Amino acid sequence: MHENQTSAPAGVTVRVPRPMPPAPPGATLRMPHPFPPPYAGTRPIRPRLLWIFLSWALFVVLLVAGVGGFAGGLFATLGDAAPATIFSGGQSVNVALDPADKPAIYAAVDQPTDVRCRLGDGADARVRLTRPAVSQTVTLNGTTWELLFEAGVPEAGTYPLACEGDGARFGVGKQLTGGMLVGGAVALLALPTVGFLAALIVTIVVLARRSAARRRMA
(Lines give C-alpha, C1' and ligand atoms only; values in the text may rest on other atoms or scores of the structure.)
Protein backbone atom coordinates (compact mmCIF):
# COMPACT_ATOMS: atom_id res chain seq x y z
CA MET A 1 0.00 0.00 0.00
CA HIS A 2 1.04 3.49 -0.77
CA GLU A 3 0.21 6.52 1.42
CA ASN A 4 -0.69 9.78 -0.24
CA GLN A 5 1.54 12.50 1.10
CA THR A 6 0.91 16.13 0.29
CA SER A 7 4.00 18.19 0.11
CA ALA A 8 4.10 21.98 0.14
CA PRO A 9 4.76 23.43 -3.26
CA ALA A 10 8.20 24.74 -3.77
CA GLY A 11 8.75 28.46 -3.14
CA VAL A 12 5.76 28.99 -0.71
CA THR A 13 6.49 31.08 2.37
CA VAL A 14 4.34 30.85 5.48
CA ARG A 15 4.40 33.84 7.86
CA VAL A 16 3.63 33.42 11.48
CA PRO A 17 2.37 36.55 13.28
CA ARG A 18 5.11 38.06 15.28
CA PRO A 19 4.18 38.30 18.92
CA MET A 20 4.10 41.82 20.39
CA PRO A 21 6.91 42.48 22.80
CA PRO A 22 5.77 42.73 26.38
CA ALA A 23 5.18 46.27 27.64
CA PRO A 24 7.73 47.52 30.12
CA PRO A 25 6.60 47.81 33.70
CA GLY A 26 4.57 50.95 34.37
CA ALA A 27 3.83 51.61 30.70
CA THR A 28 0.31 52.40 29.50
CA LEU A 29 -0.99 50.76 26.40
CA ARG A 30 -2.73 53.25 24.11
CA MET A 31 -4.98 52.14 21.37
CA PRO A 32 -5.32 54.44 18.37
CA HIS A 33 -8.70 56.18 17.95
CA PRO A 34 -10.42 55.21 14.75
CA PHE A 35 -11.86 58.77 14.49
CA PRO A 36 -10.75 62.03 16.09
CA PRO A 37 -12.85 63.08 19.07
CA PRO A 38 -15.60 65.56 18.23
CA TYR A 39 -14.79 69.25 18.93
CA ALA A 40 -16.87 70.73 21.71
CA GLY A 41 -17.10 74.53 21.27
CA THR A 42 -17.88 76.98 24.07
CA ARG A 43 -21.54 77.99 24.10
CA PRO A 44 -22.16 81.76 24.25
CA ILE A 45 -23.63 83.09 27.45
CA ARG A 46 -27.16 84.38 27.05
CA PRO A 47 -28.68 86.91 27.13
CA ARG A 48 -26.15 89.02 25.30
CA LEU A 49 -24.71 92.27 26.59
CA LEU A 50 -26.12 93.89 23.47
CA TRP A 51 -29.45 94.26 25.26
CA ILE A 52 -27.81 96.48 27.90
CA PHE A 53 -26.28 98.68 25.22
CA LEU A 54 -29.59 99.00 23.38
CA SER A 55 -31.50 99.88 26.57
CA TRP A 56 -29.10 102.69 27.48
CA ALA A 57 -29.09 103.92 23.90
CA LEU A 58 -32.90 104.16 24.18
CA PHE A 59 -32.48 106.16 27.39
CA VAL A 60 -30.22 108.65 25.58
CA VAL A 61 -32.75 108.98 22.76
CA LEU A 62 -35.61 109.64 25.20
CA LEU A 63 -33.46 112.13 27.14
CA VAL A 64 -32.73 114.08 23.96
CA ALA A 65 -36.41 113.91 22.99
CA GLY A 66 -37.49 115.19 26.41
CA VAL A 67 -35.06 118.11 26.39
CA GLY A 68 -35.96 118.92 22.80
CA GLY A 69 -39.67 118.76 23.55
CA PHE A 70 -39.33 121.05 26.55
CA ALA A 71 -37.16 123.53 24.66
CA GLY A 72 -39.49 123.50 21.68
CA GLY A 73 -42.54 124.00 23.88
CA LEU A 74 -40.81 126.80 25.77
CA PHE A 75 -39.84 128.69 22.63
CA ALA A 76 -43.30 128.19 21.17
CA THR A 77 -44.86 129.51 24.38
CA LEU A 78 -42.60 132.55 24.47
CA GLY A 79 -43.26 133.24 20.82
CA ASP A 80 -47.01 132.96 21.39
CA ALA A 81 -46.93 135.27 24.43
CA ALA A 82 -44.66 137.90 22.90
CA PRO A 83 -46.38 141.09 21.69
CA ALA A 84 -47.80 140.86 18.19
CA THR A 85 -49.06 144.46 18.02
CA ILE A 86 -46.31 147.00 18.76
CA PHE A 87 -46.63 150.78 18.95
CA SER A 88 -44.74 153.73 20.43
CA GLY A 89 -45.65 155.80 23.45
CA GLY A 90 -48.23 158.53 22.83
CA GLN A 91 -50.02 156.52 20.15
CA SER A 92 -53.55 155.11 20.26
CA VAL A 93 -54.35 151.86 18.46
CA ASN A 94 -57.31 149.54 18.04
CA VAL A 95 -56.47 145.99 19.12
CA ALA A 96 -58.38 142.73 18.82
CA LEU A 97 -58.70 141.13 22.26
CA ASP A 98 -60.19 137.81 23.31
CA PRO A 99 -60.59 136.95 27.01
CA ALA A 100 -59.78 133.31 26.20
CA ASP A 101 -56.28 134.37 25.13
CA LYS A 102 -55.60 136.17 28.43
CA PRO A 103 -54.38 139.34 26.71
CA ALA A 104 -51.71 141.50 28.33
CA ILE A 105 -49.92 144.77 27.75
CA TYR A 106 -46.10 144.73 27.61
CA ALA A 107 -43.50 147.50 27.50
CA ALA A 108 -39.88 147.59 26.37
CA VAL A 109 -37.79 150.44 27.83
CA ASP A 110 -34.10 151.26 27.86
CA GLN A 111 -34.24 153.13 31.17
CA PRO A 112 -36.68 153.51 34.08
CA THR A 113 -39.65 155.65 33.08
CA ASP A 114 -43.28 156.21 34.06
CA VAL A 115 -45.84 154.60 31.78
CA ARG A 116 -49.60 154.89 31.61
CA CYS A 117 -52.13 152.93 29.57
CA ARG A 118 -55.88 153.23 29.00
CA LEU A 119 -58.05 150.49 27.51
CA GLY A 120 -61.52 151.16 26.09
CA ASP A 121 -63.51 154.37 26.08
CA GLY A 122 -64.60 154.19 29.71
CA ALA A 123 -68.21 153.29 28.90
CA ASP A 124 -67.92 149.65 30.08
CA ALA A 125 -66.48 149.03 33.54
CA ARG A 126 -65.71 145.45 32.62
CA VAL A 127 -63.03 146.68 30.22
CA ARG A 128 -60.09 147.38 32.48
CA LEU A 129 -56.37 146.99 33.04
CA THR A 130 -55.02 145.38 36.23
CA ARG A 131 -51.50 145.04 37.55
CA PRO A 132 -50.14 141.45 37.43
CA ALA A 133 -49.63 139.57 40.68
CA VAL A 134 -46.09 138.54 39.67
CA SER A 135 -43.45 140.11 37.48
CA GLN A 136 -42.99 138.52 34.07
CA THR A 137 -40.59 139.24 31.22
CA VAL A 138 -40.37 137.82 27.73
CA THR A 139 -37.18 138.11 25.69
CA LEU A 140 -37.54 137.57 21.98
CA ASN A 141 -35.21 138.61 19.14
CA GLY A 142 -33.02 140.58 21.52
CA THR A 143 -35.90 142.63 22.97
CA THR A 144 -36.99 142.22 26.58
CA TRP A 145 -40.68 142.87 27.17
CA GLU A 146 -41.96 143.44 30.69
CA LEU A 147 -45.53 142.65 31.59
CA LEU A 148 -47.33 145.85 32.64
CA PHE A 149 -51.04 145.11 32.73
CA GLU A 150 -53.45 142.24 32.32
CA ALA A 151 -56.25 143.23 29.98
CA GLY A 152 -59.75 142.30 31.06
CA VAL A 153 -62.51 142.34 28.45
CA PRO A 154 -66.01 140.81 28.63
CA GLU A 155 -65.97 139.36 25.12
CA ALA A 156 -63.87 139.11 21.99
CA GLY A 157 -63.78 142.32 20.02
CA THR A 158 -61.76 145.36 18.98
CA TYR A 159 -60.90 147.86 21.70
CA PRO A 160 -59.02 151.19 21.67
CA LEU A 161 -55.74 151.22 23.59
CA ALA A 162 -53.55 154.23 24.37
CA CYS A 163 -50.22 154.20 26.23
CA GLU A 164 -47.73 156.92 27.17
CA GLY A 165 -44.09 156.70 28.27
CA ASP A 166 -40.89 158.49 27.31
CA GLY A 167 -38.78 156.28 25.05
CA ALA A 168 -41.00 153.25 25.65
CA ARG A 169 -42.44 150.80 23.16
CA PHE A 170 -45.66 149.00 23.95
CA GLY A 171 -47.03 145.73 22.72
CA VAL A 172 -50.12 143.56 23.09
CA GLY A 173 -49.48 139.89 23.76
CA LYS A 174 -50.61 137.11 26.07
CA GLN A 175 -49.94 136.21 29.68
CA LEU A 176 -47.51 133.46 30.52
CA THR A 177 -49.42 130.83 32.45
CA GLY A 178 -48.30 127.60 34.06
CA GLY A 179 -50.53 125.56 31.78
CA MET A 180 -48.50 126.60 28.75
CA LEU A 181 -45.38 124.95 30.16
CA VAL A 182 -46.98 121.81 31.58
CA GLY A 183 -46.65 119.81 28.37
CA GLY A 184 -42.97 120.64 27.99
CA ALA A 185 -42.25 119.90 31.65
CA VAL A 186 -44.00 116.53 31.38
CA ALA A 187 -41.93 115.67 28.32
CA LEU A 188 -38.74 116.77 30.07
CA LEU A 189 -39.38 114.63 33.15
CA ALA A 190 -41.44 111.68 31.94
CA LEU A 191 -39.51 110.53 28.87
CA PRO A 192 -36.02 110.39 30.45
CA THR A 193 -37.45 108.82 33.63
CA VAL A 194 -39.14 106.03 31.68
CA GLY A 195 -35.99 105.44 29.64
CA PHE A 196 -33.75 105.35 32.73
CA LEU A 197 -35.97 102.89 34.61
CA ALA A 198 -36.25 100.64 31.56
CA ALA A 199 -32.48 100.64 31.03
CA LEU A 200 -31.84 99.94 34.72
CA ILE A 201 -34.27 97.00 34.79
CA VAL A 202 -32.83 95.51 31.60
CA THR A 203 -29.29 95.83 32.97
CA ILE A 204 -30.16 94.07 36.22
CA VAL A 205 -32.07 91.26 34.49
CA VAL A 206 -29.39 90.63 31.88
CA LEU A 207 -26.54 90.57 34.40
CA ALA A 208 -28.47 88.28 36.74
CA ARG A 209 -29.29 85.79 33.98
CA ARG A 210 -25.73 85.81 32.66
CA SER A 211 -24.43 85.08 36.16
CA ALA A 212 -26.86 82.17 36.51
CA ALA A 213 -25.80 80.83 33.11
CA ARG A 214 -22.14 80.88 34.14
CA ARG A 215 -22.91 78.89 37.29
CA ARG A 216 -24.75 76.25 35.28
CA MET A 217 -21.86 75.92 32.85
CA ALA A 218 -19.23 75.65 35.60
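Residues numbered from 1 in each chain as written. Predicted model: local features only at pLDDT ≥ 70, side-chain atom pairs only at ≥ 80, totals over all residues. Heavy atoms only, no water.

*Asks:* Tell me about the pattern of salt bridges, and please be specific about residues and values.
*Replies:* Pairing between side chains of opposite charge can happen when their charged atoms approach one another. Applying the stated criterion across every chain, the model contains two salt bridges. Arg116 is paired through a salt bridge with Glu164; the nearest N and O atoms lie 2.7 Å apart. Linking Arg116 in strand S4 (residues 116-119) with Glu164 in strand S8 (residues 157-164), this pair joins segments that are 48 residues apart in sequence. What makes Glu164 partly exposed here is its relative accessible area of 41%. Residue Arg126 pairs with Asp124 through a salt bridge whose shortest N-O separation is 3.2 Å. (Salt bridge = Lys/Arg side-chain N within 4 Å of Asp/Glu carboxyl O. Helix = DSSP H or I, 4+ residues; strand = E, 2+ residues; numbered from the N terminus. Buried < 20%, exposed > 50% of the residue type's maximum accessible area, 1.4 Å probe, protein only.)

*Asks:* Kindly report on the state of the cysteines, identifying the contributing residues and their values.
*Replies:* Summed over all chains, the structure comprises one disulfide. Between the sulfur atoms of Cys117 and its disulfide mate Cys163 the distance is 2.1 Å. With the S-S bond torsion at 115 degrees, the cross-link from Cys117 to Cys163 turns out right-handed. Taken as a pair, Cys117 in strand S4 and Cys163 in strand S8 lie far apart in primary sequence, 46 residues in all. The buried category is assigned to Cys163, whose relative accessible area is 1%. (Disulfide = S-S within 2.5 Å.)

*Asks:* So, unusual backbone geometry: which residues are in play, and what are the values?
*Replies:* The peptide bond linking Arg46 to Pro47 adopts the cis configuration, its omega dihedral lying at -5 degrees. Assignment of secondary structure puts Pro47 in the segment before helix H1 (50-81). Of note, Lys102 is a non-glycine position whose phi angle comes to about 50 degrees, a positive value. By the secondary structure assignment, Lys102 is in the loop between strand S2 (92-97) and strand S3 (103-108).

*Asks:* Describe the packing of aromatic side chains, and please don't skip the residues or the numbers.
*Replies:* Across all of its chains, the model carries four aromatic pairs by this definition. Members of the aromatic cluster, each reached through a chain of ring pairs, are Trp56, Phe59 and Phe196. (Phe/Tyr/Trp six-rings, centres within 6.5 Å; stacked < 30°, edge-to-face > 60°.)

*Asks:* Account for a positive patch on the surface, naming residues and giving values.
*Replies:* Together, Arg43, Arg46, Arg48, Arg215 and Arg216 give the surface a local cluster of positive charge. Along the chain, Arg215 turns up in helix H2 (residues 178-217). (Patch = residues over 30% accessible without salt bridge, like charges linked within 9 Å, V, L, I, M, F, W, Y side chains within 5 Å. Areas by Shrake-Rupley, 256 points an atom, 1.4 Å probe, with all protein chains shown as cover. Lys, Arg positive; Asp, Glu negative; His and termini not counted. Charge placed at Lys NZ, Arg CZ, Asp CG, Glu CD.)

These figures capture arrangement, not role.
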